[in-house]
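# Structural overview
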Amino acid sequence: MSFVHPWVLLLLLVLPIVWYGARRRPRREVLVYSDLARLLSAASFGRARWRRLPMLTWYLAAALLIVALARPQERNVTREISAPGIDIALVLDMSSSMLHTDFRPNRFEAARSVLKRFIGSRTTDRIALIIFAGRAYTQLPLTFDYQAAHEMIDALAIGQLEDGTAIGMGLAEAVNRLRSSEAKSRIIVLLTDGVNNRGRIDPKTAGEIARLQDVRVYTVGMGLRRGGVQAALEERLGIADETVQNIELLKQIASDTGGRYFDAATLRDLSAVYDTIGALEKSDVKLNEFVTVREWYGEVLQLAGLLFVFGWLLDLTVLRRIP
């Protein structure tokens, strides 16, 4: 409750002064008695005790009139969020190499925790979850149900798909999920730690499909840049060249679609990558406020009028004075 003219309420301070002055005013004697003892004892009973009631109702009516002049009103503010959201497809590598322990406790658990934190940072975006290994599968279609997304990620386990690394299939599945989306922005965040070795669609072709569909792709190479003894071993086995080629491929896909490639060699790097993507892809949230005002002065005036009439009727009837 608020008042349009709160300063008017200062007039309420005048009423107690007027009431006090009225009580202190000397009374005019209208009847003369030789002995007032019987009259005074009789006056303590019956209607005489209520003789000030009409005056009291008039003072209350005056107080309500002052409150009405101050214009009491109730303001209800309704906030409406308008946000052209982003549709985001999270693509997660589920191959057996995600169990490597260069991340603690392993790559898969590290990726799972970072994905859940990323989803928790979104407010007005739809999220889809696509997993891939030897083939690709939509674990969760586009949804605003972030709790369901968390539960789906918690339910994932390495080995639920046939092993392999079908990067192209995972990317193509994500594009297919976003194809019919009418969102302002559609993006794919693809995380992998390996080299494409399975699937009927190669990553380059899937990247071209994403570009034609105006879908931006962010690629994340998890643990692809390694050094020391492991790098020497890979070079001896001829794996290092494949790793470098895979990095270049992921960079090209991201560049062609307007996205970016990120290296993630540690858990801190991985967290920073998704924080950066979250900052790059922000929803344009607009807050609209609708104010509803209800005026109460009409009801207060009616109550004041009823009190005035009530006091007037009492003064004319049951509490009428003898002149």
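Up top you'll find the structure we're talking about.
First, a word on what this report is: a plain description of the structure on this page.

The rules behind each value
All residue numbers refer to position in the chain's written sequence, counted from 1. Predicted model: local features are reported for residues with pLDDT of at least 70 only, side-chain atom pairs are reported and counted for 80 or more only, and whole-chain, interface and lining totals are derived from all residues. Values reported for side chains reflect all heavy atoms of the structure, with hydrogen atoms and water molecules removed beforehand. Helix and strand assignments come from DSSP, with helices taken as H or I runs of at least 4 residues and strands as E runs of at least 2, each series counted from the N terminus. Think of it in three bands: with a 1.4 Å probe and only protein chains considered, a residue is buried below 20% of the maximum accessible area for its type, exposed above 50%, and partly exposed in between. Note on contacts: a residue pair qualifies if any of its non-hydrogen atoms lie within 4.5 Å across the two residues. Computed by Shrake-Rupley with a 1.4 Å probe, the accessible areas treat only the displayed protein chains as cover when residues are assessed. Where helices are involved, their axes are fitted lines through C-alpha atoms of the stretch in contact, as for all axes, and angles between N-to-C directions lie from 0 to 180°. Reported orientations rely on four angle classes, namely roughly parallel under 35 degrees, roughly antiparallel over 145, roughly perpendicular from 65 to 115, and oblique for the rest. Handedness of a crossing is defined here by the sense of rotation of the near helix relative to the far one, left-handed for an anticlockwise turn of less than a right angle and right-handed for a clockwise turn. Residues are sorted three ways: Asp, Glu, Lys and Arg are charged, Ala, Val, Leu, Ile, Met, Phe, Trp, Tyr, Cys and Pro are nonpolar, and all the rest, Gly among them, are polar. Whether two aromatic rings pair depends on their centres lying within 6.5 Å, for rings of Phe, Tyr and Trp, where Trp uses its six-membered ring; planes under 30 degrees apart make the pair stacked, over 60 edge-to-face, and the rest tilted. Expected helix span is taken as 1.5 Å per residue step, with the number of steps being one fewer than the number of residues. Each direction from the helix axis to a C-beta atom contributes to the arc, which is the arc of those directions. Strands qualify as paired when DSSP identifies two bridges or more between them.

## What about the overall build of the protein chain?
When helices and strands are tallied, the protein chain shows eleven helices and nine strands. Per-residue burial for the protein chain yields a buried fraction of 38% across its 323 residues. Residue pairs at least 24 apart in sequence account for 83% of intrachain contacts in the protein chain once pairs closer than 6 positions are excluded. With the model as given, the accessible surface of the protein chain reaches about 19,400 Å², and the carbon-plus-sulfur share is 56%.

## Examining the packing of helix 6 (residues 167-178) against helix 7 (residues 203-212)
In contact at an axis separation of 8 Å, helix 6 and helix 7 are set at 15 degrees when each is read in the N-to-C sense. Taken together, helix 6 and helix 7 sit at an angle that is classed as roughly parallel. Taken as a pair, helix 6 and helix 7 cross one another with a handedness that is left-handed. When helix 6 is examined against helix 7, the residues Ile167, Gly168, Leu171, Ala172 and Val175 are found in contact with a partner set consisting of Pro203, Ala206, Gly207, Ile209 and Ala210. In terms of residue class, the contact of helix 6 with helix 7 is built from eight nonpolar, two polar and no charged.

## Comments concerning the packing of aromatic side chains
Enumeration according to the criterion identifies two aromatic pairs in this entry. Geometrically, the ring pair formed by phenylalanine 118 and tyrosine 274 is edge-to-face, given 5.6 Å between the ring centres and 70 degrees between the ring planes. Here tyrosine 274 lies in helix 10 (residues 267-280) and phenylalanine 118 lies in helix 4 (residues 107-120), a separation of 156 residues in the sequence. The two residues phenylalanine 118 and tyrosine 274 agree in class, both being buried.

## Points about helix 10
In a regular helix each residue adds 1.5 Å, so 14 residues correspond to 20 Å; helix 10 covers 20 Å between its end C-alpha atoms and thus fits that length. Burial in helix 10 covers these residues: Leu270, Ser271, Val273, Tyr274, Ile277 and Gly278. Down the axis of helix 10, the smallest arc covering the buried residues is 155 degrees, so these residues share one side. Taken together, the buried residues of helix 10 touch helix 4, strand 6 (185-192), strand 7 (216-222) and strand 8 (261-264).

## Brief notes about the packing of helix 3 (residues 53-69) against helix 11 (residues 297-316)
Two elements in contact, helix 3 and helix 11, have axes whose closest approach is 8 Å; the angle formed by their N-to-C orientations is 165 degrees. In terms of their interaxial angle, helix 3 and helix 11 are classed as roughly antiparallel. When the axes of helix 3 and helix 11 are compared, the crossing they make is left-handed. Contact residues: Leu53, Pro54, Thr57, Trp58, Leu60, Ala61, Leu64, Leu65, Val67 and Ala68 in helix 3; Tyr297, Val300, Leu301, Leu303, Ala304, Leu307, Phe308, Phe310, Gly311, Trp312, Leu314 and Asp315 in helix 11. Looking at the contact of helix 3 with helix 11 residue by residue, the classes come out as 19 nonpolar, two polar and one charged.

## Observations regarding the sheet that holds strand 8
Pairing is mixed in the open sheet, where six strands are placed in the order 5-4-3-6-7-8. Among the strands making up the open sheet, the edge pair consists of strand 5 (136-143) and strand 8. With strand direction ignored, the average angle separating the axes of adjacent strands in the sheet is 15 degrees. In the sheet, strand 3 (residues 86-93) pairs with strand 6 via seven bridges, with the strands oriented parallel. Opposite alanine 89, over in strand 6, you have isoleucine 188 as the bridge partner.

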